[in-house]
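# Tertiary structure, described
As a plain string of letters, each chain reads:
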Amino acid sequence: MCGRFALFSDPDRIADYLDAPPVEWPPRYNVAPTQPVLACRLNAATAARELVPLRWGLVASCAHDLAAGVKAINARAETVADKPTFRAAFKARRCLIPASGYYEWKHEGKAKRPHFIHPAHGELFAFAGLWDVWAKGAAPVESCSIITTAANEATRHLHERMPVILDRAHFAVWLDPLTPPPALHELLRPCAPDRIAYHPIAPLVGNVKNDGPQLFAPVADLFTA
């Protein structure tokens, strides 16, 4: 699964990576479910890429209330096309969610040790995402989910799942609402292991109130005088 991630790159670099007009976005080091995340999608009127804020935790248009999003921060690649919460969005409302890295906890006996997983080359990932609009409240709420798949060889010993990390060459195919399902499913696979780097970190990230570059500092660095 992917339950926490970070996005702290310069807004212009994010925009350049996603080939979309830049928007102001503050650096975040501990993004948690139900919080706003930055996403790239196609504008319905112009078909051009745009960067927009979305609530993390997809609330389908048919949901009774916003609480449904808490259980929908991730969508499994194996069932995303069929599960009622996600299937409509998978057909026509797909997005890219940029990240500087994400956090995963490895079980060591009864303890869990957090790790920061980040690009081995470059500075950004683009997660495959879905978005939807819920309009049963006082104002419409746009929300999203990150699609996960089986972990690759680089991260399998940390956790059995990982986000779907798309290659830049596949962004247009993923965002195009006319892309047929077989071509979409072809993209929902683990990324190449050599795209991934990681290191253990202190447990500070476990508290959603903590937010700063100290969260992803290697553990050894925290104890150097």
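Here, the structure is the one placed above.
Because the structure is predicted, anything quoted here is derived from the model rather than measured. (Residues numbered from 1 in each chain as written. Predicted model: local features only at pLDDT ≥ 70, side-chain atom pairs only at ≥ 80, totals over all residues. Heavy atoms only, no water.)

### Re the overall build of the chain
Rule in force here: Counting from the N terminus, the helices are DSSP H or I runs at least four residues long and the strands are E runs at least two residues long. The reference for a compact globule is 2.2 Å times residues^0.38; the radius of gyration itself is calculated from the C-alpha atoms. Burial classes: relative accessible area under 20% of the type maximum marks a residue as buried, over 50% as exposed, and values in between as partly exposed (1.4 Å probe, protein chains only). The contact criterion used is simple: two residues touch if any of their non-hydrogen atoms lie within 4.5 Å. Under the convention used here, a 1.4 Å probe and the Shrake-Rupley method define accessible areas, while residue burial counts only the protein chains that appear. For the charge count, each Lys or Arg is scored as positive and each Asp or Glu as negative, with His and the chain ends excluded. The atom standing in for a charge is NZ when the residue is Lys, CZ when it is Arg, CG when it is Asp and CD when it is Glu.
The helix and strand tally for the chain stands at five helices and 12 strands. For 225 residues, the compact-globule estimate of 2.2 N^0.38 gives 17 Å, and the chain sits close to it at 17 Å. If one aligns the C-alpha atoms of the chain with their principal axes, the spans along those axes are about 55 × 35 × 35 Å. Within the span of the chain, comprising 225 residues, buried residues form 48% of the whole. Nonlocal contacts in the chain, meaning residues at least 24 apart in sequence, comprise 67% of its contacts between residues at least 6 apart. For the chain, the accessible surface area stands at approximately 10,800 Å², while carbon and sulfur atoms represent 57% of it. If the 24 positive side-chain charges of the chain are averaged to one point and the 22 negative ones to another, these points end up 8 Å apart.

### Side note on the pattern of salt bridges
Here is the rule we go by: Any carboxyl oxygen of Asp or Glu within 4 Å of a side-chain nitrogen of Lys or Arg constitutes a salt bridge here.
A full pass over the atoms with the stated rule returns eight salt bridges. Between arginine 195 and aspartate 167 there is a salt bridge whose closest N-O contact spans 2.5 Å. Residue arginine 195 is located in the loop between α4 (181–187) and β12 (196–200), and its partner aspartate 167 is located in the loop between β11 (161–163) and α3 (171–175); the two are separated by 28 residues in the primary sequence. For aspartate 167, a relative accessible area of 34% corresponds to the partly exposed category. One continuous salt-bridge network, built from bridges that share partners, spans Arg41, Glu50 and Glu142.

It is worth stressing that arrangement in space is one thing and function is another; only the former is reported here.
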